[in-house]
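# Architecture at a glance
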Amino acid sequence: MIREITRPDFASFWPTFSAIIKAEETYALDPDMTQQEAFSLWCESTLEAYALVENDVVLGIYYLKSNGMGPSRHICNCGYMVANEARGRGIARLLYEHSQERAIAFGFQAMQFNSVVSTNEVAVTLWQKLGFSIVGTIPRAYKHSQLGLVDSYVMYKWL
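Criteria and cut-off values
Residues numbered from 1 in each chain as written. Predicted model: local features only at pLDDT ≥ 70, side-chain atom pairs only at ≥ 80, totals over all residues. Heavy atoms only, no water. Salt bridge = Lys/Arg side-chain N within 4 Å of Asp/Glu carboxyl O. Helix = DSSP H or I, 4+ residues; strand = E, 2+ residues; numbered from the N terminus. Buried < 20%, exposed > 50% of the residue type's maximum accessible area, 1.4 Å probe, protein only. Pairing = 2+ DSSP bridges. 1 Å grid on protein atoms, 1.4 Å probe; cavity = no way out; pocket = protein on both sides within 12 Å on 5 of 7 lines; lining within 4 Å. Points joined across faces, edges and corners; volume = space filled by probe spheres on them. Core = buried A, V, L, I, M, F, W, Y, C linked by side-chain atoms within 4.5 Å. Phe/Tyr/Trp six-rings, centres within 6.5 Å; stacked < 30°, edge-to-face > 60°.

With that settled, consider the pattern of salt bridges. On inspection of all chains with the given rule, the structure shows 4 salt bridges. The shortest N-O distance in the salt bridge between R89 and E54 comes to 2.9 Å. With R89 in the loop between β4 (75-82) and α3 (91-105) and E54 in strand β2 (residues 48-54), the pair connects residues that are 35 residues apart, well separated along the chain. Classification of R89 as partly exposed rests on a relative accessible area of 44%.

What follows covers the pairing of β2. Counting buried positions along β2 yields 6 of 7 residues, so the element is predominantly enclosed. The pairing of strand β1 (residues 2-4) with β2 spans 3 bridges and is antiparallel. Its bridge partner being in β2, R3 is matched across the sheet by A51. With 7 bridges joining them, β2 and strand β3 (residues 57-66) adopt antiparallel strand pairing. Counted as the bridge partner of Y50 is Y62 from β3. In this antiparallel pair of consecutive strands, β2 and β3, the connection spans 2 residues, and N55 shows a positive phi of 50°.

The subject of this paragraph is unusual backbone geometry. Backbone geometry at D56 places phi at a positive 65°, although glycine is not the residue there. By the secondary structure assignment, D56 is in the loop between β2 and β3. Even without being a glycine, R140 presents a positive backbone phi close to 50°. Within the secondary structure, R140 is located in strand β6 (residues 133-144). We classify R140 as exposed; its relative accessible area is 58%.

Roughly 1,200 Å³ of volume is contained in the largest pocket. Forming the walls of the largest pocket are 43 residues, and the residues nearest its centre are T26, Y27, Y80, N120 and A123. At the level of elements, α1 (7-23), α2 (35-44), β3, β4, α3, β5 (110-117), α4 (121-129) and β6 are the ones that each hand at least two residues to the lining of the largest pocket. For the lining of the largest pocket, the leading source of residues is β4, giving 6 residues.

Y80, M111, F113, W127 and M155 are the most contacted members of the largest nonpolar core, which has 26 residues in total. Those elements giving two or more residues to this core turn out to be β2, β3, β4, α3, β5, α4 and β7 (148-158). Core analysis: the next-biggest nonpolar cluster, separate from the first, contains 22 residues, F10, F17, I20 and W42 among them.

The relation between two aromatic rings is expressed through the spacing of the ring centres and the mutual angle of the planes. The full count for this structure, using the stated rule, is 17 aromatic pairs. Relative to W127, the ring of Y80 lies with its centre 5.1 Å away and its plane at 40°, an arrangement referred to as tilted. Remark: W127 occurs in helix α4 and Y80 occurs in strand β4; sequence separation between them is 47 residues. Accessibility classification places Y80 together with W127 in one group, the buried group. Taken together, F10, W14, F17, Y27, F39, W42 and Y63 form an aromatic cluster joined through their ring pairs.

This is how it looks when you write it as structure tokens:
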């Protein structure tokens, strides 16, 4: 079930969230971010945020927000995280499909991901399968914990 995320949902997902940002392989977030800072960023400074819950376990989360203001307010931005134990089960795809429905309901006409780490091949492949194009490459934009400086992609889809 995908539902609006609650503070308890986020708290239960926090170990996964924290592990993802501490790994410094996919998200350009402060690895020392506190749970409250993360909750504020993911859930309070966005239009809405959701959790995919199965048997009272949060398997994945996403947020939806505007990517810009004024003349660019028709483009949204989303972020997604999936628990390790749920990978390979189509959770990211389900979250994306839900986010696209919500984006359209809000009147957004396009979705843009501002920084998809090029070495995150699973994500890049999924987004391309779902209709996103790489519209730009930012050279050496991400300091990967294992690989050093790697490129990031700007990915875009007209909804």
